[in-house]
Amino acid sequence: MHFLLLTLAEEWEQPGILGHPPNITSIFPPLGLLNIGAVLEENGHSVEIIDFGSEKVTKELLEKNLKISDAVGMSVYTNTYKKSAELANFIKEFDPKIPLIIGGPHCTFLKAGSLKDIPKADIAVELEGEHVILEIIKFLERKEQISAIPGIFYRNSDGIKSGKPFKIIQNMDSLPFPARHLVEKYDYGNFPYGYTAKKKFTSMLTSRGCAYRCRFCSRYSNVIQEYGFRQRSAENVIEELLLINEKYRSVAIVDDNFLADKNRSLKIFDFLIKAGIELDIMIVGARVDTANKTLYEKMKKAGVSYISFGIESGNQDVLDYYNKNVTLEQIRKAITLGRKMNFFLSSSFIFGGPTETKKHLENTMKFMRSLPLDVAVIRPFYYDMGSEFWNEAVKKGKISENEYVVRVDSNRGLGNLPIEDVDKYLKKAYRGFYFNPRYVFGQVFRALKNKDILRLKYNLKVAMSSQLKNIL
Ligand code: B12
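These numbers were taken from a predicted model, which means no experiment stands behind them.

Draft legend 1. Quick look at the site of the ligand. Taken together, 35 residues lie around the ligand, and Ser75, Thr78, Glu130, Tyr220 and Asp256 are the ones closest in. Note that an oxygen atom of the ligand is positioned 2.9 Å from one of the backbone N or O atoms of Leu31. Where the shell around the ligand is concerned, the elements lending two or more residues are helix 1 (31-42), strand 3 (71-75), strand 4 (100-103) and helix 4 (105-110). Sort the elements by how many residues they give to the shell around the ligand and helix 1 lands first, with five residues. Its residues placed into classes, the shell around the ligand shows 18 nonpolar, ten polar and seven charged. Residues from two domains meet in the shell around the ligand; each of domain 1 (2-162) and domain 2 (189-434) gives at least three.

Okay, structure coming up:
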């Protein structure tokens, strides 16, 4: 069979989907689809991937691909599910008989509900698709009953039905490596804040799930306990890194928490150092409590140049309320250590948590300015479907179930601060951080020290450009 796999992950404001690129391009390749692509090719099928976040998809291009495809698969994210529904309508208008299978976060969080949100889709896969997709092919080849397939929802004359209970892939080393050649046509790795990944760039996942329970985070293991936290072995990760090193100059490791297992991390970095691999490594998502001198020194020698932390707040009571299980002291220690290693340090903060007052936001602004960070991404607090806070707010009737993403707003009884105040503080925080003379001098100094003219050019661009508009 020939499969067409589609993803529309990035934000998309303009009307319609065909004929114009989204206003934000994909930074990372869609690993979920690359895994499924690898399994399909391994079983003799052919695959084409279209990433709507990486190219202008015209009607002609889509129709040309639909004509030669036996089935279509689509990753659905909540932030773009309406666009995904539009795309499904287009596909079924073009070819009413072509099987349309959906999967991804929106299906994992909503299950049968995702078939209601994407009315033209035939089958929805909750959780991992690598094994299920082969079962679905057997059904399409009339070799298996659809009701016998684990982890799916499908339609029949009585409405939406579920298949057998899902199965978790326990042995992560058994999965084929992502079929990266399927997206070699795209240019990933263009970060929106002054970090330019060495090209060619790709990403990788070495684990699934997270052992921690931050209450604001919408994660699969909140809706499906068994998802848990599963890691690939160091040997298996090294094997993939060696393959990546043959074609790519940089790789982003995008696990929820790659450094969770210190021994595994040390094994991987020791190997990279001994092998003298020259791969530029970015760790996108690390907890500050994994920071220690030995590990960071090995990371530096092994080629790590970038690390991003979820810091969230500069208030211990708020971190505890979020069940983040870290201290302000651990945050300061990790950032200081990362600075010593001359890593590019990115961080994310949340403004306007349910218990936060203006004083809390002032504290967080002061805290982030005191840290030698390169980037601070500040997001307002959201009740994200799949997070503990969202579940509680729904239970209390403060949010209705079909409100998938809700901003904190005391005007509707959510949190202490009205949206307009949080927005004011967001601007104040961005201005205070990026126009802090110590920050500007630090950036210029580091750009010159690292001969990173691109970064210098970028910082100047930020200072002059539209981003300024957002800040002022
Ligand atoms: C790792 C991760 C990332 C990584 C890697 C994503 C990737 N797939 O390449 C990075 C950092 C790149 C990322 C980016 C984004 N992410 Co993310 N990400 C996660 C995280 C932490 C883990 C998810 C995971 O384990 N993925 C493993 C891969 C292999 O699984 P997968 O991509 O989901 O695909 C599997 C299944 O979903 C299924 N599947 C997926 N698509 C399809 C299609 C078909 C046809 C089938 C049959 C099956 C199927 O099979 C795949 C293989 O098992 C979760 C939070 C969590 N802890 O759960 C958030 C999360 C999934 N991400 C989220 C979002 C919103 C995004 C972004 C859109 C954010 C943004 N605006 O930039 C981007 C989209 C990037 C992209 N182009 O894909 C949200 C989704 C919310 C929602 N309800 O839709 C989550 C839940 C985080 C959150 N807290 O809100 N993400």
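There is more to say, and it comes next.
Draft legend 2. The sheet that holds strand 8 (residues 201-204), seen in detail. A sheet is described by the order of its strands in space; here six strands give the open sequence 8-11-12-13-14-15, paired in parallel fashion. At either margin of the open sheet sits one strand with a lone partner, and together these are strand 8 and strand 15 (375-380). Taking each pair of neighbouring strands and ignoring which way they run, the sheet shows an average axis angle of 15 degrees. Of the pairings in the sheet, the one linking strand 13 (residues 304-312) to strand 14 (residues 344-351) comprises six bridges and is parallel in character. The residue of strand 14 that forms the bridge with Glu312 is Phe349.

Draft legend 3. Structural context of the domain arrangement of the protein. One can read the domain layout of the protein as domain 1 (2-162) and domain 2 (189-434). Each of domain 1 and domain 2 has a C-alpha centre, and these two points are 28 Å apart. Listed per partner, the contact involves 19 residues of domain 1 and 24 residues of domain 2. Buried area between domain 1 and domain 2, both sides added, is near 1700 Å², and the carbon and sulfur share of it is 70%. Applying the counting criterion to the domain 1 and domain 2 interface returns three salt bridges. Summed over the shared surface of domain 1 and domain 2, the result is five residue pairs in polar contact (both at pLDDT 80 or more). Among the elements of the structure, helix 1 and helix 4 are those that each provide at least two residues to the side of domain 1 that touches domain 2. Of the residues forming the side of domain 1 that touches domain 2, the biggest block, five residues, is contributed by helix 4.

Draft legend 4. Structural view of the packing of aromatic side chains. A full pass over the atoms with the stated rule returns 22 aromatic pairs. Ring plane angle 90 degrees and centroid distance 6.1 Å describe the contact between Phe258 and Phe269, whose orientation is recorded as edge-to-face. Linking Phe258 in the loop between strand 11 (250-253) and helix 9 (262-275) with Phe269 in helix 9, this pair joins segments that are eleven residues apart in sequence. Overall, Phe258 belongs to the buried group, its relative accessible area being 1%. Judged by relative accessible area, which is 1%, Phe269 ranks as buried.

Calculation rules
Residues numbered from 1 in each chain as written. Predicted model: local features only at pLDDT ≥ 70, side-chain atom pairs only at ≥ 80, totals over all residues. Heavy atoms only, no water. Near = heavy atom within 4 Å. Polar contact = N/O pair within 3.5 Å; in protein donor to acceptor, adjacent residues only side chain to side chain. Helix = DSSP H or I, 4+ residues; strand = E, 2+ residues; numbered from the N terminus. Nonpolar A, V, L, I, M, F, W, Y, C, P; charged D, E, K, R; others polar. Domains from an automatic or database assignment. Pairing = 2+ DSSP bridges. Axes fitted to C-alpha atoms, helices over the stretch in contact; angles between N-to-C directions. Contact = heavy atoms within 4.5 Å. Buried area = accessible area lost by both parts, 1.4 Å probe. Salt bridge = Lys/Arg side-chain N within 4 Å of Asp/Glu carboxyl O. Phe/Tyr/Trp six-rings, centres within 6.5 Å; stacked < 30°, edge-to-face > 60°. Buried < 20%, exposed > 50% of the residue type's maximum accessible area, 1.4 Å probe, protein only.

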